[in-house]
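Residues per chain, in single letters:
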Amino acid sequence: MFDYDLFVIGGGSGGVRAARIASAEGGAKVALAEESRMGGTCVIRGCVPKKLMVFASEYPEEVQDARAYGWDAQVGAFDWMQFRGTLDKELDRLEGAYRSTLLNAGVTIYDARAVVVDPHRVRLASGEEFSVKHILIATGGRPFVPEVPGGELAVTSNEMFLLDALPKRALVVGGGYIASEFACILHGLGVKVTMMYRGASILRGFDDEARGLVAAAMGARGIDIQCGVDVARLEQGADGIVAQGTDGKAREVDLVMYATGRKPNSGGMGLEASGVDLGARGQISVDEWSQTAVPSIYAVGDVTDRINLTPVAIREGHAFADTVFRGVPTKADHELVASAVFTQPELGTVGLSEEAAKGNGPIEIFSASFRPMKSLFAGRQDRVLMKLVVDQASQRVLGCHIVGAGAGEMIQLAAIAIKMGASKADFDRTVAVHPTVSEELVTMRKPVRVV
């Protein structure tokens, strides 16, 4: 006899989904422990508040465009504290919804840190222990500031939603999607932004043509992107933080935000002592069923460092619950997962980039870059990119990459077709919706190159 059939450690999206399905649909006696706020990274300090900040940052440009369309529109001052107050209320609402979902499903909630004692016991910070049949680790990941002199002067994405005031000058260190998104957010809110990235070009891992267009657009908007340079040290100056670069130059700013990666939240949980294998970065090693080397212990989400996206964690949590508690063996599908980068302009992507597809045999590249009607009318130089990567032999579409307003919305729909195995001919025989930006996806007839 066990106190619980399932004990979930971590109240993020993956853990909450697993707990709810196991209890409400699997008939299990379930408990969940969360040491911070219910909802995890995505809801409390990630996707949701970040997207709301993206929306806020887009209004100045939209108001400027409105003037070109004949509206007597003016951009006033941005009230950060008013926005933050509304944001805090929305996050409180969402956290409450997550709690209600768990309670309505019959899950017992412990607002405490929990650690693994052995394969069938967990302990709360209070010292209370429970015997459990299965343990699910869903503790996610965390941002960090690397070891650099003066690193205590910097913040991470976690603190960006808690600022008492917006800085006038900001340095964003990193070149991934989080760094790029926050650079655009801050710039849109009126902050003078510098990006510092030690690599050759931002958004490494995304299609080169697509990320190149995003970087160019960010630069054209006024974001100072400095590649091939890193921070050597940070110092507190008389009028701000002085960032000494590896290029010998000093940059004075009011805020330094590091976005140079995330680490799995697996430390100090008793996992290795219980027989769970951890990777070099602290990620929990699991098989295709999300099971660790210890049969009773499973893990889902960012703590496993597979595909670190909230919808993937939800699918992994659901698959775990189906397999273990509903008698429906299910593996989470990690193939052809679409994603979006909420820069300005947005980048949406699914499948292989041109660079990744080159090793699979000859490929055909269909690409169209043009000025979209809406911003062209307003006198902007914005450009959109529509790109398909096609296997020459089978004519199957291997990847789709979109840059432009609404790219995240468009890529979701394109992902359905590509997931179903659509060919280029399937795209070609689809009648275009005119006038739209996305019609270019079905009107590109000839490849621009064969690789």
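Residues numbered from 1 in each chain as written. Predicted model: local features only at pLDDT ≥ 70, side-chain atom pairs only at ≥ 80, totals over all residues. Heavy atoms only, no water.

1. A word on the layout of surface pockets
Here is step 1: Reported here for the second largest pocket is a volume of approximately 1,200 Å³.
Here is step 2: Together, 44 residues line the second largest pocket, and Glu-61, Arg-221, Ser-375, Asp-382 and Ala-405 are the ones closest to its centre.
Here is step 3: At the level of elements, α3 (47-68), α6 (177-188), α7 (208-221), α10 (373-377) and α11 (407-419) are the ones that each hand at least two residues to the lining of the second largest pocket.
Here is step 4: Considering every element that reaches the lining of the second largest pocket, the biggest residue donor is α3, with nine residues.
Here is step 5: Tallied by class, residues from the lining of the second largest pocket come to 17 nonpolar, 13 polar and 14 charged. (1 Å grid on protein atoms, 1.4 Å probe; cavity = no way out; pocket = protein on both sides within 12 Å on 5 of 7 lines; lining within 4 Å. Points joined across faces, edges and corners; volume = space filled by probe spheres on them. Helix = DSSP H or I, 4+ residues; strand = E, 2+ residues; numbered from the N terminus. Nonpolar A, V, L, I, M, F, W, Y, C, P; charged D, E, K, R; others polar.)

2. Thoughts on α11
Here is step 1: Helix length check: α11 (13 residues) gives 18 Å between terminal C-alpha atoms against 18 Å at 1.5 Å per residue, within 8%.
Here is step 2: Ala-407, Gly-408, Met-410, Ile-411, Ala-414, Ala-415 and Ile-418 are the residues of α11 that are buried.
Here is step 3: The elements touched by buried residues of α11 are β17 (339-341), β18 (347-351), β20 (384-391), β21 (397-403) and α12 (424-428).
Here is step 4: One or two residues past the end of α11 sits Gly-421, with phi positive at roughly 90 degrees. (Expected span 1.5 Å × (residues − 1). Buried < 20%, exposed > 50% of the residue type's maximum accessible area, 1.4 Å probe, protein only. Contact = heavy atoms within 4.5 Å.)

3. Examining empty space enclosed by the protein
Here is step 1: In the structure shown here, the tally under the stated rule is one cavity of 30 Å³ or more.
Here is step 2: Reported here for the largest cavity is a volume of approximately 40 Å³.
Here is step 3: If you trace the largest cavity, you find it lined by Glu-288, Trp-289, Ser-290, Glu-316, Ala-319, Phe-320, Thr-323, Thr-330, Lys-331 and Ala-332.
Here is step 4: In terms of residue class, the lining of the largest cavity is built from four nonpolar, three polar and three charged.

4. Some thoughts on the packing of aromatic side chains
Here is step 1: Taken as a whole and judged by the stated rule, the model has twelve aromatic pairs.
Here is step 2: Where Phe-161 meets Phe-182, the ring centres are 5.8 Å apart and the plane angle is 55 degrees; that geometry is what we call tilted. Of this pair, Phe-161 sits in the loop between α5 (157-160) and β8 (169-173) while Phe-182 is found in helix α6, placing the two residues 21 residues apart along the sequence. Of the two residues examined, Phe-161 and Phe-182, each falls in the buried class.
Here is step 3: Chaining the aromatic ring pairs together yields one cluster made of Tyr-4, Phe-7, Tyr-110 and Phe-130.
Here is step 4: A cation over an aromatic ring shows up here: Lys-424 above the ring of Phe-366, its NZ or CZ 4.3 Å from the ring centre. (Phe/Tyr/Trp six-rings, centres within 6.5 Å; stacked < 30°, edge-to-face > 60°. Lys NZ or Arg CZ within 6 Å of the ring centre and 35° of its normal.)

5. Looking at the sheet that holds β8
Here is step 1: Pairing within the open sheet is parallel, and its four strands lie in the order β10-β9-β8-β14. Every interior strand has two partners, whereas the edge strands, β10 (224-227) and β14 (255-258), have only one. In this sheet, adjacent strand axes meet at a mean angle of 20 degrees when their direction is disregarded.
Here is step 2: By the bridge criterion, four bridges tie strand β9 (residues 192-197) to β10 in an arrangement that is parallel. Across the sheet, residue Thr-194 finds its bridge partner in β10, namely Asp-224.
Here is step 3: Running at roughly 165 degrees to β9, α6 makes contact with β8, β9 and β14 of the sheet. (Pairing = 2+ DSSP bridges. Axes fitted to C-alpha atoms, helices over the stretch in contact; angles between N-to-C directions.)

6. Quick word on the sheet that holds strand β11 (residues 231-236)
Here is step 1: Reading across the sheet, the three strands line up as β11-β12-β13 and stay open at both edges, with antiparallel pairing between neighbours. The sheet is open, and its two edges are formed by β11 and β13 (250-253), each paired on a single side. When strand polarity is set aside, the average angle formed by the axes of neighbouring strands in this sheet is 25 degrees.
Here is step 2: In the sheet, strand β12 (residues 241-245) pairs with β13 via four bridges, with the strands oriented antiparallel. Each residue of the ladder has a partner; that of Ile-241, found in β13, is Val-253.

7. A closer look at the environment of Lys-89
Here is step 1: When you line up the elements, Lys-89 lands in helix α4 (residues 80-104).
Here is step 2: Taking relative accessible area as the criterion, Lys-89 reaches 63% and is therefore assigned exposed.
Here is step 3: Spatially, the C-alpha atom of Lys-89 lies 26 Å from that of Ala-179, the residues being 90 residues apart in sequence.

8. Some words on the pattern of salt bridges
Here is step 1: Scanning the entire structure with this criterion turns up 34 salt bridges.
Here is step 2: Among the ionic pairs, Glu-35 bridges to Arg-113, the shortest N-O distance being 3.2 Å. In this pair, Glu-35 is assigned in the loop between β2 (30-33) and α2 (40-45) and Arg-113 in the loop between β3 (108-110) and β4 (114-118), connecting sequence segments 78 residues apart.
Here is step 3: Judged by relative accessible area, Glu-35 falls into the exposed class, the value being 54%.
Here is step 4: Taking the shortest distance from any N to any O, the salt bridge between Glu-235 and Arg-233 comes out at 2.7 Å.
Here is step 5: Exposure remark for Arg-233: the relative accessible area of 36% places this residue in the partly exposed category.
Here is step 6: One salt-bridge network, in which partners are shared between bridges, spans Glu-61, Asp-65, Arg-221, Arg-380 and Asp-382. (Salt bridge = Lys/Arg side-chain N within 4 Å of Asp/Glu carboxyl O.)

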